[in-house]
Amino acid sequence: MKSEAKIQQEIVEWFKNNYCLNFHDPRYCIFSVPNERSNVKEQMRMIATGLLSGVSDLIVVMPKKVYFVEVKDAKGTQKPKQKDFEKQVSSLGFTYILVRSLDEFKDFIQNRFYLE
């Protein structure tokens with residue numbers, strides 16, 4: 001079974017290669033939100049400067065769209081703060097998805113072009 005980190009790495013690499021290179025027009029954006037620290041002092045500093053517990057692993061920016069992507073392995077489940085974040089961004093009209101593989105992510109992204 002692939003780890004969440006490995007799945008996330010595959011997603012970022014695929015998306016960047018297909019949508020984020022200099023010659024892509026428009027050039028899309030994907031980035032991670034590192035929201036966990038093992039050092040308590042560092043965690044407190046990050047919270048004070050805007051760290052939001054529960055935020056999705058990845059944020060994808062496409063023309064007039066922002067997608068919040070949570071990555072889990074085959075057995076992973078959302079924590080309560082992740083569910084709260086999903087509710088918050090969904091109530092604001094944004095799309096939040098949970099994916100467990102690169103293929104799930106690809107299907108979501110590629111279907112955006114046909115749904116919009």
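Each remark here, short or long, concerns the structure printed above.
Bear in mind that the values here come from a model prediction, so they are computed numbers and not experimental data.

Draft legend 1. Seen up close, the pattern of salt bridges. If you walk through the whole model with that rule in mind, you get three salt bridges. Here glutamate 10 ties to lysine 2 by a salt bridge, and the two come within 2.8 Å at their closest N and O atoms. What makes glutamate 10 buried here is its relative accessible area of 17%. Take lysine 2: its relative accessible area is 46%, and that puts it in the partly exposed class.

Draft legend 2. Representation of the layout of surface pockets. Taken as a whole, the largest pocket encloses approximately 330 Å³ of empty space. What lines the largest pocket is a set of 18 residues, and nearest its centre among them are Asn35, Glu36, Asp57, Glu70 and Gln82. Looking at the lining of the largest pocket, the elements that each hand over two or more residues are α1 (4–19), β3 (65–71) and α3 (80–91). Here the lining of the largest pocket gets three residues from one element, more than from any other, and that element is α1.

Draft legend 3. Region of the structure containing the state of the cysteines. Scanning all chains against the criterion turns up zero disulfides. Free of any disulfide, cysteine 20 has its nearest neighbouring cysteine sulfur in cysteine 29, separated by 6.4 Å. Judged by its relative accessible area of 12%, cysteine 20 is buried.

Draft legend 4. Fine view of unusual backbone geometry. A cis amide bond links aspartate 25 with the next residue in sequence, proline 26, at an omega value of 5°. Its location among the elements puts proline 26 in the loop between α1 and β1 (29–32). Phi is positive for lysine 64, close to 60°, though the residue is something other than glycine. Summarising the element assignment, lysine 64 is placed in the loop between β2 (58–62) and β3. With relative accessibility at 87%, the residue lysine 64 sits in the exposed group.

Draft legend 5. Highlighting the environment of valine 55. When you line up the elements, valine 55 lands in the loop between α2 (40–48) and β2. Among residues more than four places away in sequence, those in contact with valine 55 are Val33, Asn35, Glu70 and Phe85.

Draft legend 6. Representation of α1. Between its first and last C-alpha, α1 extends 22 Å over 16 residues, near the 22 Å set by a 1.5 Å rise per residue. Where α1 is concerned, the buried positions are Ile7, Gln8, Glu10, Ile11, Val12, Trp14, Phe15 and Tyr19.

Draft legend 7. The arrangement of the environment of glutamate 36 in detail. With respect to the element layout, glutamate 36 can be found in the loop between β1 and α2. For the pair glutamate 36 and leucine 51, spaced 15 residues apart in the sequence, the C-alpha separation amounts to 9.0 Å. Setting aside chain neighbours within four positions, we find glutamate 36 in contact with Gln43 and Lys79.

Criteria and thresholds
- Residues numbered from 1 in each chain as written.
- Predicted model: local features only at pLDDT ≥ 70, side-chain atom pairs only at ≥ 80, totals over all residues.
- Heavy atoms only, no water.
- Salt bridge = Lys/Arg side-chain N within 4 Å of Asp/Glu carboxyl O.
- Buried < 20%, exposed > 50% of the residue type's maximum accessible area, 1.4 Å probe, protein only.
- 1 Å grid on protein atoms, 1.4 Å probe; cavity = no way out; pocket = protein on both sides within 12 Å on 5 of 7 lines; lining within 4 Å.
- Points joined across faces, edges and corners; volume = space filled by probe spheres on them.
- Helix = DSSP H or I, 4+ residues; strand = E, 2+ residues; numbered from the N terminus.
- Disulfide = S-S within 2.5 Å.
- Contact = heavy atoms within 4.5 Å.
- Expected span 1.5 Å × (residues − 1).

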